[in-house]
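Read off the chains here:
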Amino acid sequence: MLLQCHRSNESGQDLAFPVHAISFHPGFGTFATGGGDGVINLWDGENKKRLFQISRFPNTVSALSFNRAGSLLAVASSYTYERGDVEHGADEIYIRQMQDVEIRPRQRKQ
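Rules used throughout
Within any chain, residue numbers begin from 1 and follow the written order of that chain's sequence. With the structure being a predicted model, the display of local features is reserved for residues of pLDDT at least 70 and the display and counting of side-chain atom pairs for 80 or more, all residues being used for whole-chain, interface and lining totals. Only hydrogens and water are set aside; all other atoms, that is, all heavy atoms of the structure, feed into the side-chain values. Secondary structure follows DSSP: runs of H or I at least 4 residues long count as helices, runs of E at least 2 residues long count as strands, and numbering of each begins at the N terminus. Whether two residues touch is decided by their heavy atoms; if any such pair falls within 4.5 Å, the residues are in contact. For the area figures, the Shrake-Rupley method with a 1.4 Å probe applies, and any residue is considered shielded solely by the protein chains shown. When DSSP finds two or more bridges between two strands, those strands count as paired. To get an axis, fit a line to the C-alpha atoms, keeping to the stretch in contact for a helix; angles then go from 0 to 180 degrees between the N-to-C directions.

Asker: Would you mind going over the overall build of the protein chain with me for this structure?
Answerer: Check the secondary structure of the protein chain and you find 1 helix and 8 strands. Mapped in sequence order, the helices and strands of the protein chain form the string β-β-β-β-β-β-β-β-α. A sequence separation of at least 24 residues applies to 41% of the contacts in the protein chain between residues at least 6 apart. In the structure as shown, the protein chain presents an accessible area of about 7100 Å², 48% of it carried by carbon and sulfur atoms.

Structure representation (structure tokens):
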């Protein structure tokens, strides 16, 4: 699976944001990506499908990591100067409880 960027369509305009972070789930083999859009996408690489999307964080998702059990996802949200030296929110770290339905690969339809 070639992963290049996060994409969204806002007001009819197609936008692309860089992926800054990736973390693989220790049990399911799926993975999470965090991007310049402040969004986390959870992926099933084998089936080439997005499983779930976690709503926008205040700043860019600059780093993320699952814990050893895969039940928690640590997220660093910090401005990475994509738009230059502009006013931005404070850097923050979040710990998110993960649900199996968000990260478990789905059965392929026959």
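Asker: What should I look at first to understand the sheet that holds strand E8 (residues 92-97) in this one?
Answerer: Consider a sheet: its strands pair through backbone hydrogen bonds, and that pairing is either parallel or antiparallel. Strand order in the open sheet made by the 3 strands is E6-E7-E8, with antiparallel pairing throughout. Each of the sheet's edge strands pairs with one partner strand only, and the pair in question is strand E6 (61-66) and E8. Geometrically, the sheet is characterised by an average inter-axis angle of 20° between neighbouring strands, direction not taken into account. When E6 meets strand E7 (residues 72-77), the two strands line up antiparallel, connected through 5 bridges. In the strand pairing of E7, Leu64 is matched with Val75.

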